[in-house]
Amino acid sequence: MTQRSSVTGPEGRIPDFPGEESPEPDGQGPDGRRPGELNLREMLRWAWRQLTSMRTALVLLLLLALAAVPGSLIPQSGVDSLKTSRWQDAHTTLTPIYRKLGLFDVYSTPWFGAIYVLLMISLIGCILPRLRVYWRGLRAQPPAAPRHLLRLPDSSSYTTAEEPEAVLARARTLLKKQRYRIRASTGPATGETADDAVSGERGFLREAGNLVFHLSIILVLVGFAMGSLLGYKGGVIVVVGKDAGFTNTLSQYDDFDPGSLFSESRMDPFTFNIDDFKVSWINSGPKRGMAKGFKSELTYCQKADCSDATKYDLRVNHPLKIGGTEVFLIGHGYAPVITVRDGQGNVAYSGPTVFLPQNQTFFSFGVVKASAAKPEQIGLQGVFYPTFIMDDDGNPATLMGNDLNPLISMHVYAGDLNPTGGPQSVYALDTSAAKQVMNPDNPKQPLRLDMKPGQTVALPNGLGSVTFDSVVRWNRLQISQSPGKDLALIGVVLCLVGLLGSLFIRPRRVWVRARRGEGGTLVEVAALDRSGGGDTAAVVRSLVEALQKEKQS
Amino acid sequence: MTDTSWGMLSNQAVGAAGVLYFLALIAHLVEWSALSARKRVPAEALVGAGAPAEQPAVPVDEDREHRVALFGRLGFLLTLIALAAHFVALLGRGMAADPHRVPWGNMYEFTLSGTFVVAAAYVVLYRRFDLHWMAPLVVTFVLVCLMIAVLWLYEPVAQLTEALNSYWLVIHVISAILATGAFTLGGITSAVYLVKARVGPRETGWMSRVPSLEVLDRVAYRIHAFGFPVWTFAVLITGPIWAHQAWSSYWNWDPKEVWAFITWVVYAGYLHARATAGWRGRNAAILALVGMATLWFNFIGINYFSTTSQHSYAAPAPVPSTEHPALAIQG
Ligand code: HEM
C-alpha cells in the first residue's frame, strides 16, 4: 500500500514491518549494491534481513506447525514408551527408517529444534529493532497532515461559514476528549505544513502489546526449557499400608524420566506412607460400577527422623507439594497378598503382589515368582476378579471394580523362571524354561487355582502350597519436579495480555484541515487505521458529524 | 423435575431445534432462490467488469424484493427460536446429571455446545457485521453437525469422572468451545471470501448479497482476532494448568495438545499473513481455512486416529493407569 508508507512519513514513527515493501533507506545508500560487490558484511546483513523478515517468520511458523504433525500420529517414546515399543515390534521395516529420522522423538530432534531456534532468532531479530523504534516513537510528535487529505481512502470534506481557526480549535478539543495525542503546532517555520491542520494519533499501546506478546513467547520457552532440562518425571506403584511406603531416592522409582541436565542432588528428601485409600463407586446409572472419586490418605515427612509427619488427602486434580516436588495420584489397583510355601514347607514368597488392571472393571493380571522355592522355583500367572460372578454365558467375569467378592485364578509353572539371569519385568513371567503344572485329576488340562481370600491350595507333586491371604490396594503415583513452570505461566499470561492489546487497540491517525476557500471554509477530515482491522470510514463519519453538530449548538 | 425427565426434555429440545433450523434453512433457500430469479441485466455483462456489487444498476421488482426480505427475516426469526430450543437442550443435559454440571462430558455434548456457540455468535454478530449473507451457510453447518451428533455421537447422560471434575476444566472447555465457534464463523467468512474472489462481483443471486472482498476480509479478521486470544487462553493457559493438576505435567505432547498447538500456530500464521505483503487477502484466507481444518481434525479425527490421547473421550477415567509397567525392573 503506497498510501500507507507515504503517510507514515519520513519520521517513520511505527515503522512498517520488515518484509513489507516500505523502503528502508539505511544500508542501501547511493553507494549501495552494485552487482558483484556484495562483501561479506553485506551478505551477512542481507541474510539477517531475510531471516528477520515477516515473510520468513510466517514460513517458519507454518513449518513448525507441519513439523509437529508426525509426532501426533506416530507413538512417541517420550510420551508412551510401552506403546512405542509395541508399535516398533509390529512395524519392522518402517522402524529403522523412522528411528533414523527421529520420528519416535520428534520434539527433541535436531530438525524440530532447528525450526524453533531459527524462529526464536528471527523473533529476537525482529523485536529488538522494533523496541528501539517504539521507544523513540513514544516521545515523537504525531505526523503532520499529508498534503492531499482527500486522497486517503477514508476521508470526507464539507464547507462551512465558520472561521478555520474555530473549526481547528474545536477539532483539537474533540480529539483530546477522545484521548488522541495532538501534534503541537509547529508554526509556519517548518514550511511543509502551515498551521492549517490538526493531527491526532492514538493507540500507541497496540505496538507495546505486540512487543510484550512476542517477548513473552521467549519467556515461555525459557520456562519450558528449564522444565524439560532440569526437571524429572517418575512413576512408582506404592502398596497401601504401613509396611509399604516410599522414600524419594532414584532407586525407588519404577520408571524415571529425567531432563538432560537433571542432577540427583536436587531431589527433595522426603518419605511417605499411604495409610488408607478410599474409592467411591457409582452405584447407579449407565456408568454404574465405575469409580467416581478416589482419596489416598498419606502421611509424609521431610525430616529424616520423621518428627514433622504431616497428613494429606491426595486426590485426582489435587497434587501434594513437597518442596519443589509434586506427587500426583494417577492410578490404582489391587494387590492380592499371596504366600507360596515350597516343597520343604518354607515360605518362598509372601506379600502383596501388584496386579495390573486390564480394563475399567479392574479385571487384573499379575504374576508371582517364588524364585527361592526348592526343589523347584514356582511361578504363578493369572487374573484377579474384584467382584467375581459367572455371567449369563457361564464365563467368569467381574461385576464391578469394587472388591466385593475377590477371586484369583492362577496357572502354575515350575522350573527355572529366569534362564538368562538378566533383569526381568515383575509383571511378566518367563516360562520358556519352566513347565506348566497340569491338573492331577485331568492331566490334559493345566492346573488352575481359583481361590478366595483365606484359602490355601496344595500343589501336586510335592511342589508346595499357595495361600491367598487377603487383598490390599496399591496406588500409582507420579512424582515430578518441573522447575520453570511459574515462569512459563507468567509468560503465557503476559503473552495473552500483550495479545489483547495488540489485537484490540486500534492505532489510528486522524487529520482535520480547515482552509479558507471560495465558498467559505473547506474542512477536510481523514483517518488512517494501521492495523487493517478498523473501520476508519465510521471514524471519519462520526468526526464530521461531531464537528458539524457542535457548530449548530 | 427428575433427572430422567430433564434428559428427555433435552432430547426433545434437540429434535425441536433440528426441525426449526431445518425450517430456517428452507426459508433462507426460498430467499436465495428468489434472489437468483432476480435477473434483469445479463449476468455476463457485469462479471469481471470490476463493478462493485453495491451498484444500484438493477431495476427492482418490488414484489420479489419484498419476498426476499420477508423470507430473510422469517429465516432469522426461526433461527432465533431454534437457538432457544438448542439452549434448552443444553440446559437439560446439565440438569439431568447428578450433581448438576456443565454439559460437556463427551463428544455428543461438546458438539451440542459447539454448534450452539456458532449459532449464538452468528445471531449476536448478525447486526454488527451485517451477516445476513451468511445465514444459509451457518444454518446448514449447525444442522449437519446436530444430525451427526444425534445419529453417531449420542450418549446417555452420565456423571463426570473425577479427573474431569475440575473448575479449570470448566473454564478450559468454555473457552475452547467459544474459540471453536468463532473460528468456525471466521472460516465460513474466509471460504466465502475465496469463492467471491473467484467468481467476481455478481449482480444477481446469493453472491450479490455478499459484501465486498474488503469487508469480508475485515469481518473474517475481526472474528479470528476474537477467537485467537480465547484459543490461546484455552489451550496454552487453562489447558496446561488443568493437565498439570490431573496428570502431573503441564505439557505432554499428547496428540490433542499437539493439534491444539498446531491450530494455534496456523492462526498465528494467519495473523502474520494479514500483515505481510503478498500474503494478505487470498493467502490469508487459505490459511484461515487450514486453521479451521486442523481445529476440526483435532476435535473429530484425533479421537478416532489416536489411541494414545489422554483426552480421548472414549476412556474418560484416568485411573486405572498402566502406563509404564514394563519398565519396572526386578533387581
Ligand atoms: C514464535 C513465533 C511467533 C508467533 C507465535 C507470533 C505470533 C503473532 C501473532 C499472534 C500476531 C498477531 C498480533 C497482531 O496482529 O498484532 C503477531 C503479529 C506480529 N508479528 Fe509475530 N509471531 C511470531 C514470530 C514473529 C517473528 C519472528 C516476527 C518478525 C519477523 C514477528 C513479527 C510480527 C509483527 C511485525 C506483527 C505485527 C503485525 C500487525 O501489526 O498486524 N513475529 N505475531
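Preceding this section is the structure that the text describes.
I will try to describe carefully the structure that is included in this document.

On to the sheet that holds strand β7 (residues 271-281) of chain A. All names here are of chain A. Pairing is antiparallel in the open sheet, where four strands are placed in the order β5-β7-β8-β9. Of all the strands in the sheet, the pair left with one neighbour each is β5 (241-247) and β9 (310-314). The average undirected angle you get between the axes of adjacent strands in this sheet is 30 degrees.

Of all residues adjacent to the ligand, which total 26 residues, the nearest are Cys-126, Arg-206, His-214 and Ser-502 of chain A together with His-272 of chain B. Around the ligand, the neighbouring residues derive from chains A and B rather than from a single chain. Side-chain polar atom of His-214 of chain A to a nitrogen atom of the ligand: 2.8 Å apart, as the coordinates give it. Looking at the shell around the ligand, its residues break down into 17 nonpolar, seven polar and two charged.

Judged by nonpolar contacts, the single largest core of 130 residues is most densely connected at Tyr-21, Tyr-122, Leu-131, Trp-231 and Tyr-270 of chain B. With 18 residues, the single largest contributor to this core is helix α7 (residues 213-247) of chain B. Looking at this core, you find at least three residues from each of domain 1 (1-56 + 63-160) and domain 2 (161-313) of chain B. In terms of nonpolar packing, the next biggest core, distinct from the first, is built from 53 residues, Val-238, Phe-277, Val-340 and Phe-362 of chain A among them.

Taken together, the protein ligands of the iron atom of the ligand are His-214 of chain A (NE2) and His-272 of chain B (NE2), with distances of 1.9 Å. Each of the six donor atoms around the iron atom of the ligand contributes to a set of angles spanning 74 to 178 degrees, which defines the coordination as octahedral. Linking His-214 of chain A in helix α9 (residues 204-230) with His-272 of chain B in helix α8 (residues 255-274), this pair reaches from one chain into another. A single burial state applies to His-214 of chain A and to His-272 of chain B, both of which are buried.

All names here are of chain B. Along α7, the helix axis deviates most sharply at Gly-239, where the bend reaches about 35 degrees; the proline Pro-240 sits within four residues downstream. Here α7 lies mainly inside the structure; 28 of its 35 residues are buried. Positive backbone phi, approximately 80 degrees, marks Ser-248, located one or two places after α7.

Attention now goes to the sheet that holds strand β1 (residues 155-160) of chain A. Residue and element names in this part refer to chain A. The strand order across the open sheet formed by five strands is β1-β27-β26-β3-β2, and the pairing between neighbours is antiparallel. In this open sheet, the two strands that pair with only one neighbour each are β1 and β2 (181-182). Here β2 pairs with strand β3 (residues 197-202) via two bridges, running antiparallel. Its bridge partner lying in β3, Ile-182 is registered against Gly-200. Lying on the sheet, helix α8 (residues 164-177) is in contact with β1, β2, β3, β26 (508-517) and β27 (520-529); it crosses β26 at an angle near 165 degrees.

This part is about the environment of Ser-175 of chain B. Residues and elements named next belong to chain B. Among the structural elements, Ser-175 can be located in helix α6 (residues 167-199). Residue Ser-175 is classed as buried on the basis of its relative accessible area, which comes to 5%. When the C-alpha atoms of Ser-175 and Arg-128 are compared, they prove to be 22 Å apart, with 47 residues separating the residues in sequence. Leave out the neighbours within four places in its chain, and Ser-175 touches Val-230, Phe-233, Ala-234 and Thr-238. Among the polar contacts made by the side chain of Ser-175, one reaches the main-chain carbonyl oxygen of Ile-171 at a distance of 2.7 Å.

The tally for this structure, following the rule as stated, stands at 36 aromatic pairs over all chains. Ring centres of Phe-112 of chain A and Tyr-116 of chain A lie 6.1 Å apart, and the angle between their planes is 75 degrees; this geometry places the pair in the edge-to-face category. Residue Phe-112 of chain A and its partner Tyr-116 of chain A are both found in helix α7 (residues 110-139); the two are separated by four residues, about one turn of the helix. On the basis of relative accessible area, Phe-112 of chain A is assigned to the buried category, the value being 3%. Overall, Tyr-116 of chain A belongs to the partly exposed group, its relative accessible area being 35%. Aromatic pair Phe-183 of chain B and Tyr-267 of chain B: ring centres 3.8 Å apart, planes at 10 degrees, arrangement stacked. Note that Phe-183 of chain B is positioned in helix α6 and Tyr-267 of chain B in helix α8, a separation of 84 residues in sequence. The exposure class of Tyr-267 of chain B is buried, given its relative accessible area of 1%. Put simply, the rings of Tyr-107, Phe-112, Tyr-116 and Phe-224 of chain A together with Phe-228, Tyr-250, Trp-251, Trp-253, Phe-261 and Trp-264 of chain B touch in pairs and so form one group of aromatic residues. For Arg-181 of chain A, the ring lying beneath its charged end belongs to Phe-204 of chain A, and the centroid distance is 4.0 Å. Here the guanidinium or amino end of Arg-202 of chain A rests over the ring plane of Tyr-180 of chain A, the centre of that ring lying 5.3 Å away.

With that settled, the discussion passes to α8 of chain B. Residues and elements named next belong to chain B. Helix length check: α8 (20 residues) gives 29 Å between terminal C-alpha atoms against 28 Å at 1.5 Å per residue, within 8%. Judged by how many residues are buried, α8 sits mostly within the fold: 20 of 20 residues are covered. Two to three positions downstream of the cap, the backbone nitrogen of Lys-256 sits 2.9 Å from a side-chain oxygen, assigning the N-cap of α8 to Asp-254.

Moving on, we come to the state of the cysteines. A full pass over the atoms with the stated rule returns one disulfide over all chains. Cys-301 of chain A shares a disulfide with Cys-306 of chain A; S-S distance 1.7 Å.

Moving on, we come to the pattern of salt bridges. Residues and elements named next belong to chain B. If you walk through the whole model with that rule in mind, you get 18 salt bridges over all chains. In this structure, Arg-274 and Asp-217 form a salt bridge, with 2.9 Å as the shortest nitrogen-oxygen distance. With Arg-274 in helix α8 and Asp-217 in helix α7, this pair connects stretches of sequence that are 57 residues apart. For Arg-274, a relative accessible area of 12% translates into the label buried. For Asp-217, a relative accessible area of 18% gives the class buried.

Next up on the list: the side chain of Ser-190 of chain B. Residue and element names in this part refer to chain B. Within the secondary structure, Ser-190 sits in helix α6. Ser-190 gets classed as buried once you look at its relative accessible area, which sits at 2%. Excluding anything up to four places from it in sequence, Ser-190 contacts Ala-220, His-224, Ala-285 and Ala-288.

For the rest of this paragraph, the subject is the packing of helix α3 (residues 54-68) of chain A against α8 of chain B. When two helices pack together, their arrangement is given by the angle between the helix axes and the distance between those axes. Viewed as axis vectors pointing N to C, α3 of chain A and α8 of chain B meet at an angle of 165 degrees, and their least axial separation amounts to 9 Å. Here α3 of chain A is positioned roughly antiparallel relative to α8 of chain B, judged by the angle of their axes. Considering how the two elements wind past one another, α3 of chain A and α8 of chain B form a crossing that is left-handed. Residues Met-54, Ala-57, Leu-58, Leu-61, Leu-64, Ala-65 and Ala-68 of chain A of α3 of chain A form the contact with α8 of chain B, whose own contacting residues are Val-258, Phe-261, Ile-262, Val-265, Val-266, Ala-268, Gly-269, His-272 and Ala-273 of chain B. Of the residues that constitute the contact of α3 of chain A with α8 of chain B, the class distribution is 14 nonpolar, two polar and no charged.

Once that is clear, we can look at unusual backbone geometry. Residues and elements named next belong to chain A. For the bond running from Lys-374 to Pro-375, omega is 0 degrees, close enough to zero to count as cis. Within the fold, Pro-375 resides in the loop between β14 (364-370) and β15 (378-385). The backbone of Phe-362 sits at a positive phi, close to 65 degrees, despite the residue not being glycine. Its location among the elements puts Phe-362 in the loop between β13 (356-357) and β14. Residue classification places Phe-362 among the buried residues on the basis of a relative accessible area of 2%. Positive phi outside glycine occurs at Asn-461, with the angle close to 60 degrees. By the secondary structure assignment, Asn-461 is in the loop between β24 (456-459) and β25 (464-481).

Quick notes on the rules
- Residues numbered from 1 in each chain as written.
- Chains lettered and ligands numbered in written order.
- Predicted model: local features only at pLDDT ≥ 70, side-chain atom pairs only at ≥ 80, totals over all residues.
- Heavy atoms only, no water.
- Pairing = 2+ DSSP bridges.
- Helix = DSSP H or I, 4+ residues; strand = E, 2+ residues; numbered from the N terminus.
- Axes fitted to C-alpha atoms, helices over the stretch in contact; angles between N-to-C directions.
- Near = heavy atom within 4 Å.
- Polar contact = N/O pair within 3.5 Å; in protein donor to acceptor, adjacent residues only side chain to side chain.
- Nonpolar A, V, L, I, M, F, W, Y, C, P; charged D, E, K, R; others polar.
- Core = buried A, V, L, I, M, F, W, Y, C linked by side-chain atoms within 4.5 Å.
- Buried < 20%, exposed > 50% of the residue type's maximum accessible area, 1.4 Å probe, protein only.
- Domains from an automatic or database assignment.
- Donors = N, O, S within 2.8 Å, 3.2 Å for Na, K, Ca; no water.
- Tetrahedral: all angles 85-135°; square planar, octahedral: opposite > 155°, others 65-115°.
- Bend = angle between axes of the 7 residues up to and from the residue.
- Contact = heavy atoms within 4.5 Å.
- Phe/Tyr/Trp six-rings, centres within 6.5 Å; stacked < 30°, edge-to-face > 60°.
- Lys NZ or Arg CZ within 6 Å of the ring centre and 35° of its normal.
- Expected span 1.5 Å × (residues − 1).
- Disulfide = S-S within 2.5 Å.
- Salt bridge = Lys/Arg side-chain N within 4 Å of Asp/Glu carboxyl O.
- Parallel < 35°, antiparallel > 145°, perpendicular 65-115°, else oblique.
- Left-handed = near helix turned anticlockwise from the far one by under 90°.

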